[in-house]
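In case you want the letters, here they are:
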Amino acid sequence: MATLSLDALRKTYPNGFTALHGIDLAIDDGELIVVVGPSGCGKSTLLRMLAGLESISDGELAIDGRRVNDLEPAERDIAMVFQNYALYPHMSVADNMGYALKNRGVPKAERRRKVEETARLIGLEDLLDRRPRQLSGGQRQRVAMGRAIVREPKVFLFDEPLSNLDAKLRVQMRIEIRRLQKRLGVTAVYVTHDQVEAMTLADRLVVMNGGHIEQVGTPMHLYERPASRFVAGFIGSPAMNFLDARRADGDLALPCGTRIATSHEVHNDAVCLGIRPEHLSRVSEADDTTLTTRVELVEPLGADTLAHVRLDGQEEPLVARLDGVQPVAEGDTLYLRPDASRLHLFDLDTGRRLDDKDIHSCPSSPSSRLA
Amino acid sequence: MATFQRHRLTPWILLAPQLAIVAVFFFWPAAQAVLQAFYVEDPFGLGRTFVAFENFTRVLASAEYYRALGITVAFSIGVALGAMALALLLAVLADRVIKGAHAYKTLLIWPYAVAPAVAGVLWMFMLAPELGLVSAWLGALGIDWNHQLNGGQAMALVVMASVWKQMSYNFVFFLAGLQAIPRSLLEAAAIDGAGPWRRFWTITFPLLSPTSFFLLVMNSVYAFFETFGTIDATTAGGPGGATRTLVYKVFEDGFVGYDLGSSAAQSVLLMLLVGLLTLLQFRYLERKVQY
């Protein structure tokens, strides 16, 4: 039960490398924030700074309005779930969960009661006497969760907690984490590189890149109005297609000759056009608003079919998400029409969204760019 | 399977050189020692008489033997605990060093490359009553150091020299053990509210227990057998037998006193003792080891 406030947090290592260039973020009580980004973007460093495992070079971190920059991890009242679970191998499940309580001097009887209560909550009551190595991956994950829950901390920190699980278990645990977090109402920061995990879990999503925050917002907001080409390419699966386009009489002209009518008021001559795979639809006849493409690869997913297609003069192949089972095969010619109302335009040089006057959707970006 | 059976001889041929070395340098002398323990031989090796267990009964009835046993136990406990505790301390410190870690580690491993006798002489010179540097300092502090006369100081000297030498070996294993402990466990413990001291005793130390157990066995064997050179070069078992351990007594009785039968009987007893000790360690301590 806490708010978290990050004010211009910076991390510079002794060798001069700056991992974080000023991170601003306000996290509400009970909110689940997912920090997502490619490896090396600084998301884990940020989490470790919140935990107190990394020092803060500059800026201020406050939990419930109290500055915690210089507090030891133990004094911050946070709990962390590690990627490799970090269970103490020489302790039973019960001792693992009770370790933090023991360190705080909670009496044995109360400790036992709390551990059993938490174990019931997450379905571990039959495993309390086991050692971590006698557990499966999913069970270990549960113990790590239990160890965090039993302490009733102000903030949960998750460092890619599901990345060591198999796909099915990952989906199951994802739902469980969400359920538990809502039920307990604890503020949580969750770091992952998996954008599906990020989309499904987050109240608000923080997309990071190169030590900056690219955009903060609800998953759907980020999907609908990505603030930059980077966010656009990162959120959504399969990733957004990007094409170079030129402005021509209020329309957009592609190198292949296709013209797309757009309502966007664009002043640049050349722009980067983003089209999501699900916003390309198949048409039977070619006209000047369609793309004529050649199919290179077909991925039938059951509900959808992904067609990897090549457009003349375009280096990167495009991906189109087609409804259901489509009669397409490698080598076929496919006519695709982009949904003109769901296009995204980005500046070729800066990668920023062009039609987005609503700069508030990415509050930290302009300042962090300057930093 | 069929292919292997056709070459039933090949493994033995490949093993032969190693087996020959073990046979000539270990099994044959060991068998000789066991055999000799049942005979009384004249000092010049001209004749011997079978005496059954008399060598053993004589040894086990002598007060000298029990004194040496007591000295050996005290010495071994001192050496094993001293060498392990210091090595653990140094390993923990070296594990935290970031700059110049390689140089530190190399320097700390160095004493292992020094021959036992040289190590002994080194310490003997530092603490020599008449010309030693350290003994001069001790003298300035009002401590009258003379291990040639004082039995307790002689014991301290051989323990120090043996500890110094064995410490490097232990250091390497403890350092490897420490580095095998995942960083995230200690971080998790820090978040769980354990301070550095508590983290060490509740996480690091239990996780080092396989290493510690292995080293305890190795250090016991070292203290019982391999400190002969150190003792011989520094105190030669003196003064007045104050540092005469069992292995040193085997040497003294056999090659100084020429009582080969008794010496052989003692070495058989020593072997049984160390075997028993190791067995006990495995039987009772290993259960408490966390793997």
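Because the structure is predicted, anything quoted here is derived from the model rather than measured.

Overview of the overall build of chain A
And step 1. From N to C terminus, chain A includes nine helices and 20 strands.
And step 2. Within chain A, the fraction of its 371 residues that count as buried is 42%.
And step 3. Counting contacts in chain A only where the partners sit at least 6 residues apart, residues at least 24 apart contribute 66% of the total.

Things to note about the overall build of chain B
And step 1. Secondary structure assignment for chain B yields 14 helices and two strands.
And step 2. Taking the intrachain contacts of chain B between residues at least 6 apart in sequence as the baseline, contacts between residues at least 24 apart amount to 70%.

Considerations on the sheet that holds strand S18 (residues 318-323) of chain A
All names here are of chain A.
And step 1. Spatially, the five strands line up as an open sheet ordered S15-S19-S16-S17-S18, and their pairing is antiparallel. In the strand order of this sheet, the two ends are held by strand S15 (280-283) and S18, each with one partner. Within the sheet, the average angular offset between the axes of one strand and its neighbour, ignoring direction, is 50 degrees.
And step 2. Of the pairings in the sheet, the one linking strand S17 (residues 304-311) to S18 comprises six bridges and is antiparallel in character. When the sheet's bridge partners are listed, Asp304 is paired in S18 with Asp323.

Here's the deal with the sheet that holds strand S4 (residues 58-63) of chain A
All names here are of chain A.
And step 1. If you walk across this open sheet you meet the four strands as S2-S1-S4-S5, and the pairing is antiparallel. Unpaired on one side and paired on the other, strand S2 (18-27) and strand S5 (66-67) mark the two borders of the sheet.
And step 2. Together, strand S1 (4-12), S2 and S4 form the strand contacts of helix H1 (residues 43-51), whose direction differs from that of S2 by roughly 65 degrees.

Side note on the nonpolar core
And step 1. Membership of the largest hydrophobic core comes to 142 residues, with the highest contact counts inside it found for Val34(A), Val35(A), Met80(A) and Leu157(A).
And step 2. With 12 residues, the top contributor of residues to this core is helix H8 (residues 151-179) of chain B.
And step 3. Looking at which domains feed residues into this core, each of domain 1 (4-224) and domain 2 (229-355) of chain A gives three or more.
And step 4. Beyond its immediate stretch of four places on either side in the chain, Leu157(A) contacts Leu47(A), Leu50(A), Ala51(A), Ile78(A), Met80(A) and Val189(A).
And step 5. In this structure, Ala37(B), Val59(B), Ala264(B) and Ala265(B) belong to the second largest nonpolar core, which totals six residues.

Looking at the UniProt feature "domain: ABC transporter" (unreviewed entry) in chain A
And step 1. Taking the UniProt record as the reference, the feature "domain: ABC transporter" (unreviewed entry) is found at residues 4-235 of chain A.
And step 2. End C-alpha atoms of residues 4-235 of chain A are separated by 25 Å, and the span's content is 36% helix alongside 25% strand.

Here's the deal with the interface of chain A and chain B
And step 1. Tallying the contact residues gives 16 residues for chain A and 15 residues for chain B.
And step 2. Elements that contribute at least two residues to the side of chain A that touches chain B include exactly strand S6 (78-81) and helix H2 (93-103) of chain A.
And step 3. For the side of chain A that touches chain B, a count of residues per class yields 12 nonpolar, three polar and one charged.

As for helix H6 (residues 116-126) of chain B
All names here are of chain B.
And step 1. Listed in full, the buried residues belonging to H6 are Pro116, Ala119, Gly120 and Trp123. Along the axis of H6, the buried residues cluster in a sector spanning 100 degrees; they form a single face.
And step 2. In this structure, the buried residues of H6 make contact with H8, helix H11 (209-226) and helix H12 (228-234).

Let's talk about the domain arrangement of chain A
Many descriptions give the size of an interface as the accessible area lost when the pieces come together.
Residue and element names in this part refer to chain A.
And step 1. Under the domain assignment used here, chain A contains domain 1 (4-224) and domain 2 (229-355).
And step 2. Relative placement of domain 1 and domain 2: their C-alpha centres are 38 Å apart.
And step 3. Listed by partner, the interface residues are nine residues for domain 1 and six residues for domain 2.
And step 4. Elements supplying a minimum of two residues to the side of domain 1 that touches domain 2: helix H6 (195-201), strand S9 (204-209), strand S10 (212-217) and helix H7 (219-224).
And step 5. It is H6 that provides the largest number of residues to the side of domain 1 that touches domain 2, a total of three residues.
And step 6. Classifying every residue of the side of domain 1 that touches domain 2 by side-chain character gives five nonpolar, three polar and one charged.

Here we look at the confidence of the model for chain B
Parts of the prediction with low pLDDT should not have their coordinates interpreted in detail.
Residues and elements named next belong to chain B.
And step 1. Averaged over chain B, the pLDDT score is 84; the fraction of residues at 70 or greater is 96%.
And step 2. The spread of mean pLDDT over the elements of chain B runs between helix H1 (residues 2-6), the lowest at 57, and helix H9 (residues 183-191), the highest at 91.
And step 3. Predicted as a complex, the structure gets a pTM of 0.77 and an ipTM equal to 0.78.

Here's the deal with the packing of H6(B) against H8(B)
All names here are of chain B.
And step 1. Their axes nearest at 9 Å, the elements H6 and H8 cross at an angle of 130 degrees. Classified by the angle between their axes, H6 and H8 sit oblique to one another. For the crossing formed where H6 meets H8, the hand is right-handed. Packed against H6, whose contacting residues are Pro116, Ala119, Gly120 and Trp123, the element H8 presents Leu157, Met160, Ala161, Trp164 and Lys165 at the interface.
And step 2. Among the residues forming the contact of H6 with H8, the class breakdown is seven nonpolar, one polar and one charged.

Observations concerning the confidence of the model for chain A
And step 1. Per-chain confidence: chain A averages 86 in pLDDT, with 94% of residues scoring 70 or above.
And step 2. Every residue in residues 357-371 of chain A scores below 50 in pLDDT, and together they form 26 contacts with partners more than four places removed in sequence or on other chains.

Digging into the environment of Ser5(A)
All names here are of chain A.
And step 1. Position of Ser5 among the secondary structure elements: in strand S1.
And step 2. Overall, the presence of 17 C-beta atoms within 10 Å leaves Ser5 in the partly exposed class.
And step 3. As for Ser5 and Ile63, which are separated by 58 residues in sequence, their C-alpha atoms are 6.5 Å apart.
And step 4. Contact partners of Ser5, with chain neighbours within four places excluded, come to Ala26 and Ala62.

Some points on H1(A)
Residues and elements named next belong to chain A.
And step 1. When you tally the buried positions in H1, you get eight out of nine residues, the bulk of the element.
And step 2. Of all the positions in H1, only Lys43, Ser44, Thr45, Leu46, Leu47, Met49, Leu50 and Ala51 are classed as buried.
And step 3. At the C-terminal side of H1, Gly52 shows a positive phi close to 95 degrees.

Focus on the packing of helix H2 (residues 10-36) of chain B against helix H14 (residues 260-285) of chain B
Residues and elements named next belong to chain B.
And step 1. Packing of H2 against H14 leaves a shortest axis separation of 7 Å and a crossing angle of 115 degrees. Here H2 runs over H14; the crossing is left-handed. Here Ala33, Val34 and Gln36 of H2 come into contact with H14, specifically with Leu260, Gly261, Ala264, Ser267 and Val268.
And step 2. Residues belonging to the contact of H2 with H14 are distributed by class as follows: five nonpolar, three polar and no charged.

Quick notes on the environment of Ala8(A)
Residue and element names in this part refer to chain A.
And step 1. By secondary structure assignment, the location of Ala8 is in strand S1.
And step 2. Given 16 C-beta atoms within a 10 Å radius, Ala8 is considered partly exposed.
And step 3. Taking C-alpha positions, Ala8 is 24 Å from Phe234, a pair spaced 226 residues apart along the chain.

Side note on unusual backbone geometry
Residues and elements named next belong to chain A.
And step 1. Cis geometry is found at the peptide bond from Ser237 to Pro238, where omega equals -5 degrees.
And step 2. Take Pro238: it is sitting in the loop between helix H8 (229-234) and strand S11 (241-248).
And step 3. Positive phi, close to 70 degrees, is recorded for Tyr85, a residue that is not glycine.
And step 4. The exposure class assigned to Tyr85 is buried, which follows from the 23 C-beta atoms found within 10 Å.
And step 5. One non-glycine residue with positive phi stands out, namely Glu160, at about 40 degrees.

What counts and what doesn't
- Residues numbered from 1 in each chain as written.
- Chains lettered and ligands numbered in written order.
- Predicted model: local features only at pLDDT ≥ 70, side-chain atom pairs only at ≥ 80, totals over all residues.
- Helix = DSSP H or I, 4+ residues; strand = E, 2+ residues; numbered from the N terminus.
- Buried ≥ 20, exposed ≤ 12 C-beta atoms within 10 Å, placed from the backbone.
- Contact = placed C-beta atoms within 7 Å.
- Pairing = 2+ DSSP bridges.
- Axes fitted to C-alpha atoms, helices over the stretch in contact; angles between N-to-C directions.
- Core = buried A, V, L, I, M, F, W, Y, C linked by C-beta atoms within 7 Å.
- Domains from an automatic or database assignment.
- UniProt positions renumbered as here; feature names shortened; annotations may be inferred.
- Nonpolar A, V, L, I, M, F, W, Y, C, P; charged D, E, K, R; others polar.
- Arc of directions from axis to C-beta.
- pLDDT = per-residue confidence, 0-100.
- Parallel < 35°, antiparallel > 145°, perpendicular 65-115°, else oblique.
- Left-handed = near helix turned anticlockwise from the far one by under 90°.

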